[in-house]
Amino acid sequence: MEIIKTVHHMQQTSDAIRQGGESLALVPTMGFFHEGHLTLMRAAKDHCDRLVVSLFVNPTQFGPNEDFEAYPRDTQGDLKKAEDAGADMVFMPSAGEMYPESAQTSVVVKDLPNHLCGLSRSGHFDGVTTVVAKLFHIVKPHVAVFGQKDYQQLSVISRMVMDLDMDIQIMGVPTVREADGLAMSSRNSYLSPEERKSALSLKKSLDLAQRLFHEGEKKAHIVKDFVRSYILEHPHTEIDYISLCDSVTLEDVNTLTDGTLMALAVRVGKTRLIDNGRLKK
Ligand code: AMP
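Residues numbered from 1 in each chain as written. Predicted model: local features only at pLDDT ≥ 70, side-chain atom pairs only at ≥ 80, totals over all residues. Heavy atoms only, no water.

**Considerations on the overall build of the protein**
Move 1: Along the protein, the regular secondary structure elements total nine helices and nine strands.
Move 2: Relative to a compact globule of 281 residues, whose C-alpha radius of gyration would be 19 Å, the protein shows 19 Å and is just as compact.
Move 3: Residues counted as buried form 52% of the 281 residues belonging to the protein.
Move 4: Residue pairs in contact within the protein that sit at least 24 positions apart in sequence constitute 72% of those at least 6 positions apart.
Move 5: Surface accessibility of the protein: about 13500 Å² in total, with carbon and sulfur atoms responsible for 49%.
Move 6: Each charge sign in the protein was given a centre, from 31 positive and 38 negative side chains, and these centres are 3 Å apart. (Helix = DSSP H or I, 4+ residues; strand = E, 2+ residues; numbered from the N terminus. Rg over C-alpha atoms; globule rule 2.2 N^0.38 Å. Buried < 20%, exposed > 50% of the residue type's maximum accessible area, 1.4 Å probe, protein only. Contact = heavy atoms within 4.5 Å. Areas by Shrake-Rupley, 256 points an atom, 1.4 Å probe, with all protein chains shown as cover. Lys, Arg positive; Asp, Glu negative; His and termini not counted. Charge placed at Lys NZ, Arg CZ, Asp CG, Glu CD.)

Okay, here's the thing in structure tokens:
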């Protein structure tokens, strides 16, 4: 597995792979790999001849009071895991390599970021779309793979690719969970044992909403109230948002239908966790 640190080297390597007639997949990550990341890598490798994993904790998608400095890092462990999952290259640029001081351009999707996480993480999605657009131009993949755990991120990136005619297939991979249902996340490492128990209320509340819908409840506000009370029964929880929304526009809905998205963000202690699921009849 090759480790590539500069934009120029990555672009040359990708050009050579494309000229050789091979297909190329990209899995963008911020590292501290768990089974969710590795599932994305295996899915990507199944679809393409060569796999690039990018490992970059992107400063521009963190707000001033967020956990950029504290974000968990384990480069040596990550490199071993990526290689075992089939990565051919890891692109690992420095912040200075990605953002020279002279840079003035960003990529902004207009409406989709104004919902869900975008409301409490101002500028987050501009950071995401800008870094992902840059990664697409640097790695030049045929396919890029993202997790459905970050549903809004996947929506925003799919919109960007469509709007800017980027010739890249975007693949979404279902959320990978711990045995008890907690969505895997690098940030789970912040949780104390007691917080870890409360964190399970996110997935359990998705199951609760699904059960209410299945039993015939169609009113979003009623399901939301049940979910809110259920989560707040757990110690150390503080709700950022609970949204029942259209899975394409991310606009809140009043009436639940087959496929309505339920998305939530909950602070457990100091750790902000997200999860989502689609309601099924
Ligand atoms: P991150 O390193 O957190 O930026 O995540 C990199 C990619 O892994 C993103 O596309 C995430 O959506 C995806 N991902 C993170 N956690 C999970 C999970 N539990 N299941 C599936 N994909 C995930």
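**Some points on the layout of surface pockets**
Move 1: In this structure, the second largest pocket spans a volume of roughly 590 Å³.
Move 2: Along the wall of the second largest pocket there are 28 residues; nearest its centre are Y151, S155, S247, N276 and R278.
Move 3: Looking at the lining of the second largest pocket, the elements that each hand over two or more residues are α7 (151-163), α8 (193-214) and β9 (271-278).
Move 4: When residues in the lining of the second largest pocket are grouped by element, the largest group, seven residues, is from α7.
Move 5: Among the residues making up the lining of the second largest pocket, the classes are represented as ten nonpolar, nine polar and nine charged.
Move 6: Split by domain, the residues of the lining of the second largest pocket number at least three in each of domain 1 (2-173) and domain 2 (186-275). (1 Å grid on protein atoms, 1.4 Å probe; cavity = no way out; pocket = protein on both sides within 12 Å on 5 of 7 lines; lining within 4 Å. Points joined across faces, edges and corners; volume = space filled by probe spheres on them. Nonpolar A, V, L, I, M, F, W, Y, C, P; charged D, E, K, R; others polar. Domains from an automatic or database assignment.)

**A short note on the domain arrangement of the protein**
Move 1: What the domain assignment lists for the protein is domain 1 (2-173) and domain 2 (186-275).
Move 2: When each unit is reduced to the centre of its C-alpha atoms, the spacing between domain 1 and domain 2 is 27 Å.
Move 3: If you look at the interface, domain 1 gives 20 residues, while domain 2 gives 17 residues.
Move 4: Taken together, both faces of the contact between domain 1 and domain 2 bury some 1500 Å²; the carbon and sulfur share is 57%. (Buried area = accessible area lost by both parts, 1.4 Å probe.)

**Notes on the sheet that holds strand β1 (residues 2-4)**
Move 1: What the six strands build is an open sheet, ordered β1-β4-β3-β2-β5-β6; its pairing is parallel. Each end of this open sheet is capped by a strand with a single partner; those strands are β1 and β6 (169-173). Averaged over all pairs of adjacent strands, the angle between their axes in this sheet comes to 25°, without regard to strand direction.
Move 2: Relative to strand β4 (residues 89-91), β1 runs parallel, the two sharing three bridges. Along β4, the bridge assignment pairs I4 with F91.
Move 3: Helix α6 (residues 124-139) rests against β2 (24-29), β3 (50-55), β4, β5 (143-147) and β6 of the sheet, and its axis sits at about 150° to β2. (Pairing = 2+ DSSP bridges. Axes fitted to C-alpha atoms, helices over the stretch in contact; angles between N-to-C directions.)

**Focus on the site of the ligand**
Move 1: Looking at the ligand, there are 18 residues lining it, with M30, H37, D150, V176 and M184 nearest.
Move 2: V176 places a polar main-chain atom, nitrogen or oxygen, 2.8 Å from a nitrogen atom of the ligand.
Move 3: In isolation the ligand exposes 480 Å². Once the protein is present, 93% of that is buried.
Move 4: Elements with a contribution of two residues or more to the shell around the ligand: β2, α2 (35-47) and β5.
Move 5: It is α2 that provides the largest number of residues to the shell around the ligand, a total of three residues.
Move 6: Residues of the shell around the ligand, tallied by class, amount to eight nonpolar, eight polar and two charged. (Near = heavy atom within 4 Å. Polar contact = N/O pair within 3.5 Å; in protein donor to acceptor, adjacent residues only side chain to side chain.)

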